[in-house]
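Observations on the model geometry
Listed here are the chains, written in short residue letters.
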Amino acid sequence: MKTLIGIALAFALPLSLLGEEIDFAHQVVPLLKQQCGKCHSGTQKEGGFSLNTRETLLSGGESGESILPNEGAPGELLARVTTDDEFTRMPPEGAPLSSDQVKLLKRWVESGVPWEPGFTFGEKIYEPPLLPRRPELPPAVAGRTNPIDRILDAQLAQQNTPTLPPLDDDAFLRRAYLDLIGLLPTPDEREAFLKDTTPDKRARLVQGLLDRDVDYAEHWLTFWNDLLRNDYAGTGFITGGRKQISSWLYEALVTNKPYDQFTRELIAPPTPESAGFGQGIKWRGEVSAGQTVEIQFAQNMGQSFLGINLKCASCHDSFIDRWKLKDAYGLAAVYAERSLELHRCDKPIGKMAEAAWLFPELGQIDPTAPQPKRLQQMADLMTHRENGRFTRTIVNRLWHRLMGRGIVHPTDAMQSPPWNADLLDFLAEHLVENNYDLKQTLKLIATSQAYQTQAERVTEQVDPASYQYAGPRSKRMTAEQFVDCVWQVTETSPSNFDAPVTRGSFSTDKANHIAIASQWIWNRADVSQAAAGETITLRKQFDLAEVPADGFAVVTCDNEYTLYCNGKKLAAGNNWMEPDLVRLTSLKKGANEILIVAKNAGSGPNAAGLLFEARLGDDVISSDASWQWTAQVPGSSGKFKKQPEDWQPAAVVKGQEVWMGRLTPVISQMLSQGIDGQRYMVRASLLKSDFLMRSLGRPNRDQVVSVRPLELTTLEAIDLSNGEALARLLRQGANKLSQRDWESPQQFVTWLYHFTLSRDPSDAELAILAETLGPDMSTEAMEDVLWAVFMLPEFQLVH
């Protein structure tokens, strides 16, 4: 069954083109400009043929002959450059194209004439506005008062397009869950939603999903890891040439940090936690001028926050927009801590870069200021209230994520005109008016009737210049969404994860109900006058029947500590007023040991103490008199040269209120967060990429990635149909699900369809899959049914 369906899947779904990707800007543009531009670009249209835009190129000029291959014919363009007829050969003067140039054109034509959005060989007339604008809203039609609907209803009327058909509750429920938190609605959640008859249930559902802080954060972590080139392994991490921002990013998403503050902290990091994005990747050995960390800074800031492609301008004046070499190097010099010489096509040109902002109308950066000051100035200019390009870029990205196509498309082509300027400008101003709260933008989109309409059926790629709005478009699940949903249905999510984050909500309401079990300890009860520099080692030994899924601890010491768990160093701190929340990643089944080197600081006698509290599922390990201490101190590895024989009972210190008067709310908050984090399924966004996720399109994140491929590749089709990683998951899931008490094969199939597709199976689907399961419902048969459903395009699409 698997083989048959796999073959059908491989042939039914579109496959991406094989071979090296064509670089339009650097390969095709120079060739066409040099060989064809004199007669067929700008105002020159010999034979009525113009290559100013993709549209005019494909029209074929006066002859009307297509340049694309058709029914064995090579197409007019290739025919003209390869013919031996001197009267029809192109170019008409000079040497003919070389064999390599012909091969390049052939590959380009046969791949569908890919074109850089917004590029023209003619005079470029569109320049996006810089300043923000709040458009006047058209009147509401038929009670559709959401501002998005008011704008789009007016456009549909202008296009003479009827109102688009709405989604039913089942389809809306699945779309909203997958778009906002990246998970499927459970059968119970589906049943409750369908039974709800209140008129505002969709709006309440959207708000409820956005309020699920951890689910929201761990879904959108995928989007931001791509856009900020952050990952947990890969190029640069082993050599120290790259730093994660994972902990900062996770907290920013869970707490819904305002987007302007979020951006400022990435450009001008207040702490090292958010510095990794700006630092880029320090490659080993010699690199080209376009791969230095300074140029990476310019490219990444331009692309991620402004939707501007500065890669061409980092090498030479751009062919595709107005950005010049000096613009890219000016932005790079904001970050540079050394003199930066301009290089054109990797060759120095004898000019030095001067730190400068791309839009001097808003203000300028002082090139003589030290680097931290320059970065702060740039952060302020990027998030300037009058920088409409900053806000337009992010709302365009969010619109694309929910609606399947950007208002400016692609989303990194913000030099191109939007298909609805009023919609883009309104969303940008709405974000500002809501204190840069990205959830408010998502809520506005998801509660609109535009979002809640049936997906547009797209049968072919549309030139951005001729696109007309016709509703949302279906989207492929990301690799992480697909894996999460398989884990969710089959209950096969892993127990551990790779991201260096502490999971859980930062809600203060729950923290008020958390009791602190730990006490401050030292080697004696009266430590109000402990000597400065006094250092002891404290330990706690305990057994675990099972390793907890997400064990954590809160630890602090007056004044310094280093924490080891089973010989592995996990954390260190030197400020008792700032406790640390630490994941205990080295726990094991059986005997365990927590070892803490604690040191008193100061210039004279002062109070000393250590506090530690771990939550390991149902087990609580807290500092108290059951701990032991020794005056001996292990080496930096956490191991003693000789195991101490003088371990003695620790003491609960007097005067706990000295510390707890200040720290009780902080520690309660941390315990609450850690406990909350233990109840969530581990998500794929928290794991290093594996073969399955890579084959499903997860990038390696060496570069900024704003949009993943839409097409299924050959590798993906093969891996979905025959891949061992997915097959292993389905075997495990079938084994788990087969242990449940199912009344009948029909009940299982119905449950599976409710969970995966948010609908009832058709009579035919129910009959076929129930027959496949058979009355015994063997694990093997259940695995086949799971596989068949997960392979459905309907499952793999958000539509």
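Regarding the overall build of the chain
Within the chain one finds 30 helices and 16 strands. Here the chain has a C-alpha radius of gyration of 30 Å; the compact-globule value for 799 residues is 28 Å, and the two agree. In the chain, which comprises 799 residues, the share counted as buried stands at 53%. The long-range share in the chain, meaning contacts at least 24 apart out of those at least 6 apart in sequence, stands at 72%. If you sum the accessible surface of the chain, you get close to 35700 Å²; carbon and sulfur atoms cover 51% of it. Between the averaged position of the 81 positive side-chain charges in the chain and that of its 102 negative side-chain charges there is a distance of 4 Å.

Brief notes about the sheet that holds strand 13 (residues 628-630)
The strand order 8-7-10-5-13-14 describes an open sheet built from 6 strands, whose pairing is antiparallel. In this open sheet, the two strands that pair with only one neighbour each are strand 8 (568-573) and strand 14 (648-649). Two elements, strand 5 (residues 535-544) and strand 10 (residues 590-599), share 10 bridges in a ladder whose sense is antiparallel. Pairing of lysine 540 across the sheet is with isoleucine 594, part of strand 10.

Section: helix 19 (residues 421-433)
In an α-helix, one turn spans 3.6 residues; hence positions three or four apart end up facing the same way. Compared with the 18 Å implied by 1.5 Å per residue over 13 residues, the 18 Å span of helix 19 between its first and last C-alpha is a close match. Counting buried positions over the 13 residues of helix 19 gives 10, a clear majority of the element. Those residues of helix 19 that sit buried are Leu423, Leu424, Asp425, Phe426, Leu427, Ala428, Glu429, His430, Leu431 and Val432. Packing partners of the buried residues in helix 19 comprise helix 7 (147-158), helix 18 (388-403) and helix 20 (438-446). N-cap assignment for helix 19: the residue whose side-chain oxygen lies 3.2 Å from the backbone N of aspartate 422 is asparagine 420. A positive phi of about 55 degrees marks asparagine 435, the residue just after helix 19.

Concerning the environment of alanine 717
Inspection of the secondary structure puts alanine 717 in helix 25 (residues 714-722). Among the residues examined, alanine 717 registers a relative accessible area of 2% and is labelled buried. The spacing of alanine 717 and serine 695 is 22 residues in sequence and 8.9 Å in space, taken between C-alpha atoms.

Topic: the nonpolar core
Ranked by internal contacts, the top residues of the largest apolar core, which has 155 residues, are Trp224, Phe305, Trp357, Met378, Trp399, Phe482 and Phe748. Not counting residues within four places of it along the chain, the set of residues in contact with methionine 378 comprises Ile267, Phe297, Met301, Leu331, Val334, Trp357 and Ile365. In this structure, Tyr561, Leu587, Ala614 and Ile621 belong to the second largest nonpolar core, which totals 43 residues.

Some remarks on the packing of helix 10 (residues 201-210) against helix 20
Where helix 10 contacts helix 20, the two axes come as close as 10 Å, and the packing angle between them is 155 degrees. The angle between helix 10 and helix 20 falls in the class roughly antiparallel. By crossing handedness, the relation of helix 10 to helix 20 is classed as right-handed. Judged by residue contacts, Val206, Gln207 and Leu210 of helix 10 engage Lys439, Leu442, Lys443 and Ala446 from helix 20.

Concerning the confidence of the model for the chain
On average, residues of the chain score 90 in pLDDT, and 94% of them reach the 70 mark or higher. Confidence drops under pLDDT 50 across residues 1-19; counting only partners more than four residues distant or on other chains, this segment forms 28 contacts.

Examining the environment of alanine 684
As for its placement among the helices and strands, alanine 684 is situated in the loop between helix 23 (657-677) and helix 24 (691-695). Between the C-alpha atom of alanine 684 and that of aspartate 498, which follows or precedes it by 186 residues, the distance is 9.7 Å. Those residues in contact with alanine 684 that lie beyond four places of it in its chain are Glu480, Val483, Asp484, Trp487, Met693 and Arg698.

Section: unusual backbone geometry
Most peptide bonds take the trans form, and the phi angle of most residues other than glycine is negative. In this structure, proline 91 follows methionine 90 across a cis peptide bond, with omega equal to -5 degrees. As for its position among the elements, proline 91 is in the loop between helix 5 (76-82) and helix 6 (99-110). The peptide bond linking aspartate 558 to asparagine 559 adopts the cis configuration, its omega dihedral lying at 20 degrees. The topology assignment puts asparagine 559 in the loop between strand 6 (552-558) and strand 7 (560-565).

Here's the deal with the pattern of salt bridges
Across all of its chains, the model carries 46 salt bridges by this definition. We note a salt bridge from arginine 133 to aspartate 422, for which the minimum N-O separation is 2.6 Å. Taken together, the residues arginine 133 in the loop between helix 6 and helix 7 and aspartate 422 in helix 19 connect sequence positions 289 residues apart. For aspartate 231, the salt bridge identified is with arginine 701, shortest N-O distance 3.5 Å. On the criterion of sequence distance, the pair formed by aspartate 231 in the loop between helix 11 (213-227) and helix 12 (246-254) and arginine 701 in the loop between helix 24 and helix 25 is long-range, its members being 470 residues apart. By the burial criterion, aspartate 231 is buried, and arginine 701 matches it. Salt bridges here are not isolated pairs; linked through shared partners, they connect Asp226, Asp231, Glu480, Arg698, Arg701 and Arg708.

Side note on the packing of aromatic side chains
Summed over all chains, the structure comprises 33 aromatic pairs. Centroid distance tryptophan 224 to phenylalanine 262: 4.8 Å. Interplanar angle 55 degrees. Geometry classified as tilted. With tryptophan 224 in helix 11 and phenylalanine 262 in helix 13 (residues 259-267), this residue pair connects regions lying 38 residues apart in the sequence. Just as tryptophan 224 is buried, phenylalanine 262 falls in that class too. An aromatic cluster is defined as three or more aromatic residues linked by ring pairs; in this entry it consists of Tyr216, Trp220, Phe223, Trp224, Trp248, Tyr259, Phe262 and Phe390.

Some remarks on the packing of helix 13 against helix 17 (residues 371-382)
It is at 9 Å that the axes of helix 13 and helix 17 come closest, and there the two elements cross at 155 degrees. As far as their axial angle goes, helix 17 and helix 13 are roughly antiparallel. The way helix 13 lies across helix 17 gives a crossing that is right-handed. Between helix 13, through Thr263, Arg264 and Ile267, and helix 17, the contact on the second element is made entirely by Leu375, Met378, Ala379, Asp380 and Met382. Looking at the contact of helix 13 with helix 17, its residues break down into 5 nonpolar, 1 polar and 2 charged.

Some remarks on the pairing of strand 6
Counting buried positions along strand 6 gives 7 out of 7 residues, so the element sits mostly inside the fold. Burial along strand 6 is two-sided: the face carrying Phe552, Val554, Thr556 and Asp558 and the face carrying Ala553, Val555 and Cys557 are both buried. Note: strand 6 against strand 11 (residues 609-616), 7 bridges, orientation antiparallel. From the neighbouring strand, cysteine 557 faces strand 11, where its bridge partner is leucine 610.

Quick look at the side chain of arginine 89
Here arginine 89 shows up in the loop between helix 5 and helix 6. Of the side chains bearing the opposite charge, aspartate 84 lies closest to the buried arginine 89, which forms no salt bridge; the N-O distance is 7.3 Å. Contact partners of arginine 89, with chain neighbours within four places excluded, come to Arg80, Thr83, Gly94, Ala95 and Pro96.

Thoughts on helix 18
Over its 16 residues, helix 18 runs 22 Å from end to end, which matches the ideal 22 Å to within 8%, given 1.5 Å per residue. The buried fraction of helix 18 amounts to 15 of the 16 residues, a majority that puts the element mostly inside the structure. In the segment just after helix 18, glycine 404 is the residue with positive phi, at about 90 degrees.

Some thoughts on the side chain of glutamate 480
Within the secondary structure layout, glutamate 480 lies in helix 21 (residues 479-490). On the accessibility criterion, glutamate 480 (2% relative accessible area) is buried. Looking at glutamate 480, its side chain comes within polar contact range of the side chain of arginine 708, at 2.8 Å.

Conventions adopted
- Residues numbered from 1 in each chain as written.
- Predicted model: local features only at pLDDT ≥ 70, side-chain atom pairs only at ≥ 80, totals over all residues.
- Heavy atoms only, no water.
- Helix = DSSP H or I, 4+ residues; strand = E, 2+ residues; numbered from the N terminus.
- Rg over C-alpha atoms; globule rule 2.2 N^0.38 Å.
- Buried < 20%, exposed > 50% of the residue type's maximum accessible area, 1.4 Å probe, protein only.
- Contact = heavy atoms within 4.5 Å.
- Areas by Shrake-Rupley, 256 points an atom, 1.4 Å probe, with all protein chains shown as cover.
- Lys, Arg positive; Asp, Glu negative; His and termini not counted.
- Charge placed at Lys NZ, Arg CZ, Asp CG, Glu CD.
- Pairing = 2+ DSSP bridges.
- Expected span 1.5 Å × (residues − 1).
- Polar contact = N/O pair within 3.5 Å; in protein donor to acceptor, adjacent residues only side chain to side chain.
- Core = buried A, V, L, I, M, F, W, Y, C linked by side-chain atoms within 4.5 Å.
- Axes fitted to C-alpha atoms, helices over the stretch in contact; angles between N-to-C directions.
- Parallel < 35°, antiparallel > 145°, perpendicular 65-115°, else oblique.
- Left-handed = near helix turned anticlockwise from the far one by under 90°.
- pLDDT = per-residue confidence, 0-100.
- Salt bridge = Lys/Arg side-chain N within 4 Å of Asp/Glu carboxyl O.
- Phe/Tyr/Trp six-rings, centres within 6.5 Å; stacked < 30°, edge-to-face > 60°.
- Nonpolar A, V, L, I, M, F, W, Y, C, P; charged D, E, K, R; others polar.

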